[in-house]
Amino acid sequence: MSRTRHFPARAFAAHAVLIVWTLIALFPVFVTVVNSFKSKRAIFTQPLALPGPETFDLVGYQTVAAQGDFVAYFQNSLVVTCLSLFFVLLFGAMAAFALSEYRFRGNMLMGLYLALGIMIPIRLGTVAILQMMVATGLVNTLAALILVYTAQGLPLAVFILSEFMRSVSDDLKNAGRIDGLSEYRIFFQLVLPLVRPAMATVAVFTMIPIWNDLWFPLILAPSEATKTITLGSQVFLGQFVSNWNAVLAALSLAILPVLVLYLIFSRQLIRGITAGAVK
Amino acid sequence: MGQLTLSGVTKKFGPVDVIQGVDLAVADGEFCVFVGPSGCGKSTLLKLIAGLESATAGRLTLDGRDITNLPPAKREIAMVFQSYALYPHLTVRDNMGLALRQAGRPKAEVRAATDRAAAMLSLDTLLDRRPAELSGGQRQRVAIGRAIVRRPKLFLFDEPLSNLDAALRVNTRIEIAKLHRELGATMIYVTHDQVEAMTLADRIVVLRAGKVEQIGAPMELYNDPANTFVAGFIGSPRMNFLKSAALGMSSHTAGVRPEQLQFVEGPGAIRSTVSHVERLGGETLVYLHTADHGLLTARLFGEHDFAVGSERGITFAPDRVFHFDEAGHRLR
Ligand SMILES: Nc1ncnc2c1ncn2[C@@H]1O[C@H](COP(=O)(O)OP(=O)(O)OP(=O)(O)O)[C@@H](O)[C@H]1O
Ligand SMILES: [Mg+2]
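What you are looking at is a predicted structure, and each value in this text was computed from that prediction instead of being measured. (Residues numbered from 1 in each chain as written. Chains lettered and ligands numbered in written order. Predicted model: local features only at pLDDT ≥ 70, side-chain atom pairs only at ≥ 80, totals over all residues. Heavy atoms only, no water.)

Some words on the overall build of chain A
Okay, step 1: For chain A, the helix and strand inventory stands at 14 helices and zero strands.
Okay, step 2: Written out in order from the N terminus, the α and β elements of chain A read α-α-α-α-α-α-α-α-α-α-α-α-α-α.
Okay, step 3: The dimensions of chain A, computed from C-alpha atoms along their principal axes, are 70 × 65 × 30 Å.
Okay, step 4: Partitioning the contacts of chain A with sequence separation of at least 6, the portion at a separation of at least 24 is 71%.
Okay, step 5: When the accessible surface of chain A is split by element, carbon and sulfur atoms take 72% of a total near 16,000 Å².
Okay, step 6: Distance between charge centres in chain A, computed from 18 positive and 11 negative side chains, equals 9 Å. (Helix = DSSP H or I, 4+ residues; strand = E, 2+ residues; numbered from the N terminus. Contact = heavy atoms within 4.5 Å. Areas by Shrake-Rupley, 256 points an atom, 1.4 Å probe, with all protein chains shown as cover. Lys, Arg positive; Asp, Glu negative; His and termini not counted. Charge placed at Lys NZ, Arg CZ, Asp CG, Glu CD.)

Below, the structure written as structure tokens:
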């Protein structure tokens, strides 16, 4: 802190870089949201202009609302994301606890095996997954998506959480054992609260790809009743004509829930990222 | 109540023998201190007694009951950790009462036990705080209180004072000694602090590389060490080891405590050069370089002046010398 005060030029450069990066990152979001409030003509003639009195138009949102199913799509997305997130965090943390806490034969190998999924994209297994889902009759159910996303999120969760759990004091866990706490209570009441920042980090990294995914909803659950919001928005994208107003409005709405979830986790997340940096 | 025996206890971590066959009997009400250099297995031995690690071989009994395979909570022991290890989400009262509540005791009894322990350690005013709102010394007192509340047969302490500053360490040490007198419970205490070991212990167990080197009362170890390791480890500053051959003695090594070295002039004295002087007020430590024996330490009472680099003759009374053979064993 005090060093930056001595080098205003350096602080300025750092801020300039950060601001430029923020602008680049926010630009697509900005364009999406701004254009969702404009008429179709204005979207194409002045894509960067703010909606003015002439160009302001809610037709996109009206189309989305009229489509009717959008509330259901939202619900599907929320159910899939929240349940997947819950299972990823629960099972990820449990596996991480076992790996970091107990000495058993093959511990290292098990850890490597569980982390392998970080490097191998789950989409490579799409055909096999589809066959399994067909065989188990889970096609066109939200359960199919939840299962796949849980599998997809687990490797990173196990990897990050087991590193963090190693840093939880052994003495604390041992004190719990001497006082007669079960391993479950040690896990849930002593260890989990202490790795909360890491949990938030994992939650954010897990949640966003799930919410945004188009691939698995399209393949595993394309039915009307199980469509997610990302898939649902695609109805406005035709091969020849696209209803851009509706697409942009749907996408703008789709940003909201993730934003809310992100805000919930971000306080913890920032603590996690800066843990150790500020002590 | 609280008689512990260990027979042939060993512990391996993979291929490494961390504890190599320890036999030990701790009497009821005894204050037993484990000392030894860092990494010698003191904490591991304590965890074996607590049941936090399982012994590779050997047997442990407490009051005649075999506890080798019992889980920690069933062993009727309590442990105080170096890092306090208080539950961060619970108040001081709940921290102290947790074990009894886990054991399913009635609320009133838990409350009474907690209040009694809090009064003993003057924690009464802190009962509703969380650990984060306490100072280091207060946290350690809560940790000790948490141990007392359970009325265990055996108290285990793993370097409980090493995170405290010097003044607080002395106070807490006295408090622990007082507790031991009041409770009359059996205590096992791990430390690498000489003073703690000497002042608190009824008996000291000196460990080296997972083996017991010697067991005895503090003064027994000081006045009658079994080998060079114990002789060098007990007593501060450390015992001087001189080459017997250069002194015309029959043993291999001659051990002389720093306070037994005297400054004399004349023939027969060992020639030495003063290389450093530490004045501590009550005593003065003089580090002397000798041709035959390397660096020796002399400890004098009161204040003394020695010019660094000056030549001094030193000697010692022959009856205050400990003799050791080549393997380091004491020759009596
Ligand atoms: N879980 C473990 N796995 C493998 N080796 C271990 C484990 N715990 C301890 N050790 C080894 O056992 C030896 C004894 O460790 P221990 O913690 O008992 O030492 P200590 O005497 O308490 O030392 P200190 O005074 O530094 O606390 C060390 O060499 C350590 O590396
Ligand atoms: Mg230790």
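Examining unusual backbone geometry
Okay, step 1: In this model, Ser236(B) is joined to Pro237(B) through a cis peptide bond whose omega is -5 degrees.
Okay, step 2: Following the sequence through the fold, Pro237(B) ends up in the loop between helix H8 (228-233) and strand S11 (240-243).
Okay, step 3: Of note, the phi angle at Asn140(A) is positive, near 60 degrees, even though the residue is not glycine.
Okay, step 4: Its location among the elements puts Asn140(A) in the loop between helix H7 (126-136) and helix H8 (142-166).
Okay, step 5: Overall, Asn140(A) belongs to the partly exposed group, its relative accessible area being 32%.
Okay, step 6: Backbone geometry places Ser122(B), a non-glycine residue, at a positive phi of 45 degrees.
Okay, step 7: On the basis of relative accessible area, Ser122(B) is assigned to the partly exposed category, the value being 48%. (Buried < 20%, exposed > 50% of the residue type's maximum accessible area, 1.4 Å probe, protein only.)

A few points about the packing of helix H10 (residues 183-194) of chain A against helix H11 (residues 196-212) of chain A
Residues and elements named next belong to chain A.
Okay, step 1: Where H10 contacts H11, the axes come no closer than 5 Å and their chain directions differ by 70 degrees. Taken together, the axes of H10 and H11 are roughly perpendicular relative to one another. Where H10 abuts H11, its residues Leu-192, Pro-193 and Leu-194 lie against Arg-196, Pro-197 and Met-199.
Okay, step 2: Each residue belonging to the contact of H10 with H11 can be placed in one class, and the counts come to five nonpolar, no polar and one charged. (Axes fitted to C-alpha atoms, helices over the stretch in contact; angles between N-to-C directions. Parallel < 35°, antiparallel > 145°, perpendicular 65-115°, else oblique. Nonpolar A, V, L, I, M, F, W, Y, C, P; charged D, E, K, R; others polar.)

Quick notes on the interface of chain B and chain A
Okay, step 1: Facing the 24 residues of chain B at the interface are 16 residues of chain A.
Okay, step 2: Counting each side, the surface lost to burial between chain B and chain A is near 1,500 Å², with a carbon and sulfur contribution of 60%.
Okay, step 3: In this structure, the connection of chain B to chain A is made through two salt bridges.
Okay, step 4: Across the chain B-chain A interface, the total number found is eight residue pairs in polar contact (both at pLDDT 80 or more).
Okay, step 5: Of all the secondary-structure elements, those providing two or more residues to the side of chain B that touches chain A are strand S1 (4-13), helix H1 (42-50), strand S6 (77-80) and helix H2 (92-102) of chain B.
Okay, step 6: The residue inventory of the side of chain B that touches chain A, partitioned by class, reads 15 nonpolar, four polar and five charged. (Buried area = accessible area lost by both parts, 1.4 Å probe. Salt bridge = Lys/Arg side-chain N within 4 Å of Asp/Glu carboxyl O. Polar contact = N/O pair within 3.5 Å; in protein donor to acceptor, adjacent residues only side chain to side chain.)

Quick notes on the pattern of salt bridges
Okay, step 1: Taken as a whole and assessed by the stated rule, the structure comprises 28 salt bridges over all chains.
Okay, step 2: Residue Arg177(A) is joined to Glu101(A) by a salt bridge in which the shortest nitrogen-to-oxygen separation is 2.8 Å. Of this pair, Arg177(A) sits in helix H9 (residues 170-178) while Glu101(A) sits in helix H5 (residues 70-101), placing them 76 residues apart in sequence. Summarising the burial analysis for this pair, Arg177(A) and Glu101(A) share the class buried.
Okay, step 3: Two residues, Arg332(B) and Asp224(B), come together in a salt bridge whose shortest N-O distance is 2.4 Å. Linking Arg332(B) in the segment after strand S19 (330-331) with Asp224(B) in the loop between helix H7 (218-223) and H8, this pair joins segments that are 108 residues apart in sequence.
Okay, step 4: Assessed through its relative accessible area of 32%, Asp224(B) is described here as partly exposed.

Some remarks on the packing of H5(A) against H11(A)
Residues and elements named next belong to chain A.
Okay, step 1: Packing of H5 against H11 brings their axes to within 10 Å, and their N-to-C directions diverge by 145 degrees. Between H5 and H11 the crossing geometry is right-handed. Each of Phe-74, Ser-77, Leu-78, Val-80, Thr-81, Ser-84, Leu-85, Val-88, Leu-89 and Ala-93 in H5 lies in contact with H11, whose residues at this interface are Met-199, Val-202, Ala-203, Thr-206, Met-207, Ile-210 and Trp-211.
Okay, step 2: For the contact of H5 with H11, the class distribution of residues is 13 nonpolar, four polar and no charged. (Left-handed = near helix turned anticlockwise from the far one by under 90°.)

With respect to the confidence of the model for chain B
Okay, step 1: Averaged over every residue, the pLDDT of chain B is 93; residues scoring 70 or more account for 100%.
Okay, step 2: In the model output, the complex is listed with pTM 0.83 alongside ipTM 0.88. (pLDDT = per-residue confidence, 0-100.)

Observations concerning the sheet that holds strand S18 (residues 322-324) of chain B
Residues and elements named next belong to chain B.
Okay, step 1: Overall, antiparallel pairing links the four strands, which are arranged S11-S12-S18-S19 in an open sheet. Because the sheet does not close on itself, it has two edges, and the strands there are S11 and S19.
Okay, step 2: Here S11 runs beside strand S12 (residues 253-256); their pairing, made up of four bridges, is antiparallel. When the bridges of S12 are listed, Leu-242 appears paired with Ala-254. (Pairing = 2+ DSSP bridges.)

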